[in-house]
Amino acid sequence: MKYICSLLLFVALPLFAKAQGTLPATFFQGKAVVLVSNDPSAIPSMTWQSLSDSIHPYLVGAGGDPIAYYELEQVALSAEQQGVFAKAFLQRQVQNVILITRQKAQTSIHVGKFSEDAKLIAEENLLGVSGIDWKSVGQQFATYGAMTATQNLLVSEVAEFPVLLVQGANPGSQKFISRNPLNLEVFRLGIPLEGTSAINGPINSYRYETYGKSPETLLAEQSAQKIGLEEIFSSKYPHEIAWLVETKTNQQLLADRIQFLLVKVEGKQADLMKSMGLEPLTGEEGSRTVVKYYIRFLVREELYLGPTWDAHPNWQIALKQFLANLKK
């Protein structure tokens, strides 16, 4: 009956749906976490939780075992935040990561093996299924698993949004420090450019605002970003900097006299503050999306927030404020 249903479902698929790649074998024999990126301006309006509820039956129908749903943007607040989630996923013996991306013109589902580290997935080129809306993409995704026997038998029939999975992780253990680092004048400050492998972890490619952008678009955005950064640093930062466009190990950076890295994170202000061990703002201030910069000291893996909370919705203003506070 499963095979007959899958054939009927395949015939009923809309012509605009598309897919590439194959599901990893672990999909049919292991737990999965689902990271959801939902464009709030897409029509009809849906919360990321409602989107999760709608797609969950199709993931189960494909043979998967999605045990937990999280908002991608909240997980990807920073490399430190991703590390906290990675440890929690290891404890729950997760084997797969499913990424759902809902944009104005399409919705996509991707699946990859859990990398067992802070990257969460090992590569960006995953099985990808796209359709004009969540229902069409869900139907197509279900056909991929319908012809394969699954070992995932006792699965939840509803999407689950656990809040205890990362509780108990002490933000202080990540060494966020509310002051400025020493010796910035002695060593170089590395500045990773967005859109390059130096900063973009694989899951960030599946945010609704970045997924599907062409290499040309990313290159143009990177060029414009560098020009804007150069203007700010030339007037606000008196010490030596180094542009980073590819991933380097700490040993390679230290050998190049780079002991500090500038880190940019973006997310809801309350989420950012909580992840950094600070008392989060509430109400409208806490819910607005802001950019925060901090400096990672590579030698001791310390994270310096600066003496004053200086996040701002505009990245240029946030950076200028952060650099100004470095002089305090």
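As the structure is a prediction and not an experimental result, all values here were calculated from the model.

**Side note on the confidence of the model for the chain**
Averaged over every residue, the pLDDT of the chain is 83; residues scoring 70 or more account for 86%. In this model, residues 1-19 is a region of pLDDT below 50 whose contacts with residues beyond four sequence positions or in other chains number 36 contacts.

**Focus on the sheet that holds strand β8 (residues 188-192)**
Reading across the sheet, the six strands line up as β7-β12-β11-β10-β8-β9 and stay open at both edges, with mixed pairing between neighbours. Both edges of this open sheet fall to β7 (176-177) and β9 (241-244), since each of them pairs with a single strand only. For β8 and β9, the ladder comprises four bridges, and the chain directions are parallel. In the strand pairing of β9, G190 is matched with A242. Of the strands in this sheet, β8, β9 and β10 (258-268) are in contact with helix α6 (residues 215-236), which crosses β9 at around 170°.

**Some thoughts on the packing of aromatic side chains**
Across all of its chains, the model carries 12 aromatic pairs by this definition. Ring geometry for W48 versus F161: centroids 5.4 Å apart, planes at 85°, classification edge-to-face. Of this pair, W48 sits in helix α2 (residues 48-61) while F161 sits in the loop between α5 (134-146) and β7, placing them 113 residues apart in sequence. In this structure W48 comes out as buried when scored by relative accessible area, which is 17%. Taking relative accessible area as the criterion, F161 reaches 30% and is therefore assigned partly exposed. Measuring from centroid to centroid gives 5.3 Å for Y70 and F85, while their planes differ by 80°, and the two rings are edge-to-face. With a gap of 15 residues between them, Y70 in strand β3 (residues 66-71) and F85 in helix α4 (residues 79-91) connect regions that are remote in the sequence. The class of F85 is buried, set by a relative accessible area of 2%. Among the aromatic residues, ring-to-ring pairing joins Y70, F85, F89 and F114 into one connected group. In this structure, K292 is placed above the aromatic ring of W309, and the distance from its NZ or CZ to the ring centre is 5.7 Å.

**Description of α6**
Between the first and last C-alpha of α6 there are 31 Å, a value that for 22 residues agrees with the 32 Å anticipated at 1.5 Å per step. All of the buried residues in α6 are Q222, Q225, G228, L229, I232 and F233. Down the axis of α6, the buried side of the element spans an arc of 135°, and every buried residue falls inside it. Along α6, exposed side chains directed more than 90 degrees from the buried face belong to E216, L219, E231, S234 and S235. Elements that come into contact with the buried residues of α6 comprise β8, β9, β10 and α10 (315-325).

Cut-offs used in this document
- Residues numbered from 1 in each chain as written.
- Predicted model: local features only at pLDDT ≥ 70, side-chain atom pairs only at ≥ 80, totals over all residues.
- Heavy atoms only, no water.
- pLDDT = per-residue confidence, 0-100.
- Contact = heavy atoms within 4.5 Å.
- Pairing = 2+ DSSP bridges.
- Helix = DSSP H or I, 4+ residues; strand = E, 2+ residues; numbered from the N terminus.
- Axes fitted to C-alpha atoms, helices over the stretch in contact; angles between N-to-C directions.
- Phe/Tyr/Trp six-rings, centres within 6.5 Å; stacked < 30°, edge-to-face > 60°.
- Buried < 20%, exposed > 50% of the residue type's maximum accessible area, 1.4 Å probe, protein only.
- Lys NZ or Arg CZ within 6 Å of the ring centre and 35° of its normal.
- Expected span 1.5 Å × (residues − 1).
- Arc of directions from axis to C-beta.

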